[in-house]
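Listed here are the chains, written in short residue letters.
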Amino acid sequence: MRVLLTGAAGFIGGAIGRALAADGHEVVGVDLMLDSAHGSTTPPEGVHQLDVREAGSPEWTGLLRGVDAVCHQAALVGAGVRVGDLPAYASHNDLGTAALLAAMHDAGVDRLVLASSMVVYGEGRYTCPRHGDQQPPPRDLAALESGDFDNHCPVCAEPLAWSLVPEDARLDPRSSYAASKLAQEHYASSWVRQAGAGAVALRYHNVYGPGMPRDTPYSGVAAMFRSSLERGERPQVFEDGGQVRDFVHVDDVARANVAALEQVVAKSVPRYAAYNVCSGTPVTILDVATRVAEGTGRDIAPQVTGGFRVGDVRHVVASPELATAELGFTASVDPHTGLADFATAPLRT
C-alpha cells in the first residue's frame, strides 16, 4: 500500500510510520510541526510540513496522487477544559478533517483510518448489582470535595461498578477535545455515505511508550508520573487512586493501525466502523503510578492526594472484542510489564 500519514512526526504517528515501513508499505508523511506537540518546528527527514486545514492546496494534491489510503493521526490534543480552547480544537480537528476528506475525494482516495479516542464515551459503562446498567450524571462537585469519588446508582444510591464499554455505547463527549474527536467521526461517517468510501475510526485508550512527549499538553499521566520520579518527587495520584482505565502500548496502537489499513483497503470490514484500541487489561491509576515507580528501581512510592479535576470521569474501560473479531487485532504488551519498562524508556524532549 501507499499510505499518506498525517501527524507523521508525532508520538503515535511516528510509531505507525515505522510499523508500515517494516511491513513493506510506502509511507507519505505529513505534519504541521506544532511546537506544543514536538518542541520543534523543523520536520524530520522525509516528512512534509503541511497544514491539514489546507488540504485542497496543490502541495496536497500532489501527495495524494496514487495513494491507496490515508491514516489520519494529526490532531490538537489535551484536556480542552477551557472555553477559550474551543476555536483551536474546531479548527485543527474539525476543519482539518473536513478539508482532508474533501481533498481525498477530489483525488480519488476513498479509504481512511482515523485516530479517534475513548473520550467520545465520556463516562464509562456502569452497573448496579440490584438495578442493572445505569447512566450516571456528571459527579457532583460537593461529593468530590467531600472525598466521595464514586458514581452512584440513581435508584438506590449505592456505588456503581464499572463494566466494559462496547463500541455501540452511548457517546457523551465532555470537553472541547472530546467533542472535536466525535465530530471527526461524524465527518468520516458522512463522507463514507456521500463518497461511497470506506473508513475505520480507532478509539485509542491511554497510549504510552517510548518516544512519548515529556511535560507537554500531549503527555499522558504515565509520562507525568515518570517526570515526577525523575525529579525525585512522589507521583501525585488524584482522587483515591481507584479510577480504572486501560493503558495500551504505542507499538500495539501502531499494529492496530496497520491492521485497520489493510482491512479497509481490502474492503473486508464494514464501510464505516469504530473500534476500541486497548490492552484488554484494566488497571487503576494508583497501579499505573506504582508500576512506573517500581520500574525506576528507586524507593519512591506514589502519593494519593484526594485532589480531583472537575470534568474527569471515574472509570472508562474498553471491550477489545470487536477489534479482535473484525480487525484481527489483539494487544501484545501487558500494561503491568509495559508500564514498568516505560519508566526507563527514551522520551521525546
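Each remark here, short or long, concerns the structure printed above.
Residues numbered from 1 in each chain as written. Predicted model: local features only at pLDDT ≥ 70, side-chain atom pairs only at ≥ 80, totals over all residues. Heavy atoms only, no water.

Asker: Got a minute to help me understand the sheet that holds strand β9 (residues 198-204) in this structure?
Answerer: Pairing between sheet strands relies on hydrogen bonds along the backbone, with the strands arranged either parallel or antiparallel. The strand order across the open sheet formed by 7 strands is β3-β2-β1-β4-β5-β9-β14, and the pairing between neighbours is parallel. Of all strands in the sheet, those with a lone pairing partner are β3 (47-49) and β14 (272-277), marking the two edges. The sheet shows a mean angle of 20° between the axes of neighbouring strands, taken without regard to direction. Its contacts with the sheet place helix α1 (residues 11-22) against β1 (2-6), β2 (26-31), β4 (69-72) and β9, and it is angled at close to 170° to β1. The strands that helix α6 (residues 176-195) touches are β4, β5 (111-117), β9 and β14; relative to β5, the one it contacts most, it runs at about 160°. (Pairing = 2+ DSSP bridges. Helix = DSSP H or I, 4+ residues; strand = E, 2+ residues; numbered from the N terminus. Axes fitted to C-alpha atoms, helices over the stretch in contact; angles between N-to-C directions. Contact = heavy atoms within 4.5 Å.)

Asker: What exactly am I supposed to notice about the pattern of salt bridges here?
Answerer: In a structure, side chains of opposite charge can pair up when their charged atoms sit close to one another. In total, this model carries 18 salt bridges according to the counting rule given. Arg174 is the partner of Asp172 in a salt bridge, and the nearest nitrogen-oxygen pair spans 2.9 Å. Between Arg314 and Glu239 there is a salt bridge, with its nearest N and O atoms 2.9 Å apart. One end of the pair, Arg314, is in the loop between β16 (303-304) and α10 (321-327); the other, Glu239, is in the loop between β11 (236-237) and β12 (244-245), and 75 residues separate them in sequence. Take Arg314 and Glu239: they sit in the same class, and that class is buried. (Salt bridge = Lys/Arg side-chain N within 4 Å of Asp/Glu carboxyl O. Buried < 20%, exposed > 50% of the residue type's maximum accessible area, 1.4 Å probe, protein only.)

Asker: How should the packing of helix α9 (residues 285-296) against helix α11 (residues 335-342) be read in this particular structure?
Answerer: Working note: a packed helix pair is described by the angle between its axes plus the distance between those axes. Between α9 and α11, the least distance of the axes is 7 Å, while the angle of their chain directions is 50°. Compared by their axis directions, α9 and α11 come out oblique. In the crossing of α9 with α11, the sense of the turn from one axis to the other is right-handed. Within the contact between the two elements, α9 uses Asp287, Val288, Arg291, Val292 and Gly295 and α11 uses His336, Leu339, Ala340 and Phe342. The residue inventory of the contact of α9 with α11, partitioned by class, reads 5 nonpolar, 2 polar and 2 charged. (Parallel < 35°, antiparallel > 145°, perpendicular 65-115°, else oblique. Left-handed = near helix turned anticlockwise from the far one by under 90°. Nonpolar A, V, L, I, M, F, W, Y, C, P; charged D, E, K, R; others polar.)

Asker: Would you explain the nonpolar core in this entry?
Answerer: Note on soluble globular proteins: their nonpolar side chains tend to be buried together. By size, the foremost hydrophobic cluster in this structure holds 54 residues, and its most contacted members are Leu202, Tyr204 and Phe342. If one sorts the elements of this core by residue count, helix α8 (residues 250-265) sits on top with 8 residues. The residues contacting Phe342, other than those within four sequence positions of it, are Tyr208, Gly209, Met212, Ala222, Ala223, Arg226, Val292 and Leu347. Listed in part, the 26 residues of the second largest apolar core include Val67, Ala103, Leu114 and Ala197. (Core = buried A, V, L, I, M, F, W, Y, C linked by side-chain atoms within 4.5 Å.)

Asker: How do you make sense of the environment of Pro154 when you look at a structure like this?
Answerer: In this fold, Pro154 is placed in the loop between α5 (141-145) and β8 (161-163). The class for Pro154 is exposed, based on a relative accessible area of 56%. With 105 residues separating them in the primary sequence, Pro154 and Ala259 have C-alpha atoms 41 Å apart.

Asker: Can you help me understand the state of the cysteines in this one?
Answerer: Each disulfide is one covalent bond, formed between the sulfur atoms of two cysteines. Applying the stated criterion across every chain yields a total of 0 disulfides. Between Cys156, a cysteine without a disulfide, and Cys128, which holds the nearest cysteine sulfur, the sulfur-to-sulfur distance is 3.7 Å. (Disulfide = S-S within 2.5 Å.)

Asker: Would you mind showing me how to read the packing of helix α7 (residues 221-230) against α9 here?
Answerer: The N-to-C vectors of α7 and α9 enclose an angle of 45°; their axes lie 10 Å apart at closest approach. Considering the angle they form, α7 stands oblique to α9. The handedness of the crossing between α7 and α9 is right-handed. Contacts from Ala222, Phe225, Arg226 and Leu229 in α7 reach Ile285, Val288, Ala289, Val292, Ala293 and Thr296 in α9. Taken together, the residues of the contact of α7 with α9 sort by class into 8 nonpolar, 1 polar and 1 charged.

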